[in-house]
Amino acid sequence: KMIQKERLSLILEELEKEETLSLKGIIELTGSSRDTARRDIVKLAETNAVDRTYGGISLPHSFNRLDEYLDRAQDLDKEKDQLAKVAALFVKDTKLIFLDVSTTISFIPRHLANNSELFAVTNSLDISDQLIRNSDCKTRILGGNIDRKKRSVVGTKPLMELEDYHFDFAFLSAAGINTNGIYYAYEEDIDYKAKIRAQSDQVVLLIDETKLNLAHNFRVFDFAEVDTLVTNQLLSDELKEIIERKQVQIIYS
C-alpha cells in the first residue's frame, strides 16, 4: 500500500503526460479509496502543484476539461441523491419544472413518484429516461441535435423552444461556485442557462462538495440570479455571507 508521498509523486507524473486527471482516474492509478484520492487532490491543490477542476485536477492554467457524463455519473451517488431528495420537496403543488443536464439533477426523478399533475421538461437523455422510469409526471424532451459526450440535446433549436415555457422551478447544477459567482464549462452554457433563468420563476441550484470554491471556464450567473442553493457541505463564512447578502436561501442536505 502506497504512502501519500508516493501517491502524490505518481499522480504528478501521470498528470504531466495527460494534463488532466479525473477523480476516478486517480483512484485507478493509485489503488486508493475515493476519500483518500480526494485528500490527495486537496494536498496537491494546497501546494499549487495542480488546479482543482470539476471532477478532478489539471496542470496549473491548463484547460479544465469536463469528464465525460457517464464517468461523472458514478461519483458521489449518495450525496447527489440526498441533494436531489431535498430539491424535490420544492416540486409539491407545482405544475411545470425544468431539469437541466447534470448528474446531480438526474437523481431528482427518483423522488417525483405519484405526481401525475406535474409536467417536466429537460434536454437530457438520461433525465428523460429517469422521469419515464421513476415518475408519473408528463415528460417533454427538447428537440435538436444530440451531443454524445454530454448525452443531451444541444444547439439553437432547444434554446428557441424554451421560449414556449414558463417554469415554476428550474433545477440546475454548475461546474463550480466561488465568491465571484457561478461557473459553467462550455461557451454554449452562457446563453442556455440565461434563457432558463429568464423563463423560470424560481431557480434552485444543487452544488455538491466537489464544486465549492471552484472556478471554471465561464462565469454565467451572479448569486442574485439564484433563489435557493442546496449543498451538502457547510459554506465558508465569506461565501455564506456573500450568498446571503444576495438574498439566496441556503439549504444543507
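Residues numbered from 1 in each chain as written. Predicted model: local features only at pLDDT ≥ 70, side-chain atom pairs only at ≥ 80, totals over all residues. Heavy atoms only, no water.

Draft legend 1. The arrangement of the layout of surface pockets in detail. Each pocket or cavity is described by its volume, and for the second largest pocket that value is around 320 Å³. What lines the second largest pocket is a set of 18 residues, and nearest its centre among them are Arg 38, Val 42, Arg 52, Glu 209 and Thr 210. For the lining of the second largest pocket, the elements supplying multiple residues, two or more each, are helix H3 (34–46) and strand E2 (51–53). Considering every element that reaches the lining of the second largest pocket, the biggest residue donor is H3, with 4 residues. (1 Å grid on protein atoms, 1.4 Å probe; cavity = no way out; pocket = protein on both sides within 12 Å on 5 of 7 lines; lining within 4 Å. Points joined across faces, edges and corners; volume = space filled by probe spheres on them. Helix = DSSP H or I, 4+ residues; strand = E, 2+ residues; numbered from the N terminus.)

Draft legend 2. Fine view of the packing of helix H2 (residues 23–30) against H3. Close contact between H2 and H3 brings their axes to 9 Å; oriented N to C, the two are set at 105°. Regarding the angle of H2 to H3, the classification is roughly perpendicular. Residue-level inspection shows Leu 23, Ile 26 and Ile 27 of H2 in contact with H3, the latter providing Arg 34, Ala 37, Arg 38 and Ile 41. Looking at side-chain class alone, the contact of H2 with H3 contains 5 nonpolar, no polar and 2 charged residues. (Axes fitted to C-alpha atoms, helices over the stretch in contact; angles between N-to-C directions. Parallel < 35°, antiparallel > 145°, perpendicular 65-115°, else oblique. Contact = heavy atoms within 4.5 Å. Nonpolar A, V, L, I, M, F, W, Y, C, P; charged D, E, K, R; others polar.)

Draft legend 3. Structural context of the packing of aromatic side chains. Counting across every chain of the model gives 5 aromatic pairs. Between Phe 98 and Phe 167, the ring centres sit 5.4 Å apart and the planes meet at 55°, which makes this aromatic pair tilted. Within this pair, whereas Phe 98 is found in strand E4 (residues 96–99), its partner Phe 167 is found in strand E9 (residues 167–172), the two being separated by 69 residues in sequence. Both residues of the pair, Phe 98 and Phe 167, count as buried. (Phe/Tyr/Trp six-rings, centres within 6.5 Å; stacked < 30°, edge-to-face > 60°. Buried < 20%, exposed > 50% of the residue type's maximum accessible area, 1.4 Å probe, protein only.)

Draft legend 4. Region of interest: the sheet that holds E9. Ordered in space as E6-E5-E4-E9-E12-E14-E15, the 7 strands form an open sheet in which the pairing is parallel. The outermost strands of the open sheet, each flanked by one partner alone, are strand E6 (138–141) and strand E15 (249–252). Pairwise comparison of adjacent strand axes, ignoring direction, gives a mean angle of 20° for this sheet. One ladder, built from 4 bridges, connects strand E12 (residues 200–207) with strand E14 (residues 228–231); its direction is parallel. Within E14, the position partnered with Leu 205 by the bridge is Leu 229. (Pairing = 2+ DSSP bridges.)

Draft legend 5. Molecular detail of the sheet that holds strand E10 (residues 176–178). Taken together, the 3 strands give an open sheet; going across it, the order is E10-E11-E13, and neighbouring strands pair in antiparallel fashion. Each edge of the sheet is formed by a strand with only one pairing partner; in this case those strands are E10 and strand E13 (218–221). When the angles between neighbouring strand axes are averaged without regard to direction, this sheet yields 40°. As judged from the 3 bridges shared by E10 and strand E11 (residues 181–184), these two strands associate in the antiparallel manner. Opposite Ile 177, over in E11, you have Ile 182 as the bridge partner. On top of the sheet, helix H8 (residues 188–198) reaches E11 and E13; it is set at about 10° to E13, its chief contact.

Draft legend 6. The pattern of salt bridges, seen in detail. In this structure the tally under the stated criterion is 15 salt bridges. Across the salt bridge formed by Asp 35 and Arg 38, the nearest N and O atoms sit 3.3 Å from each other. Of this pair, Asp 35 and Arg 38 both sit in helix H3, 3 residues apart, which is roughly one turn of the helix. For Arg 38, a relative accessible area of 16% gives the class buried. If you follow the salt bridges from partner to partner, you end up with Asp 100, Asp 189 and Lys 193 in one network. (Salt bridge = Lys/Arg side-chain N within 4 Å of Asp/Glu carboxyl O.)

Structural measurements only, silent on function.
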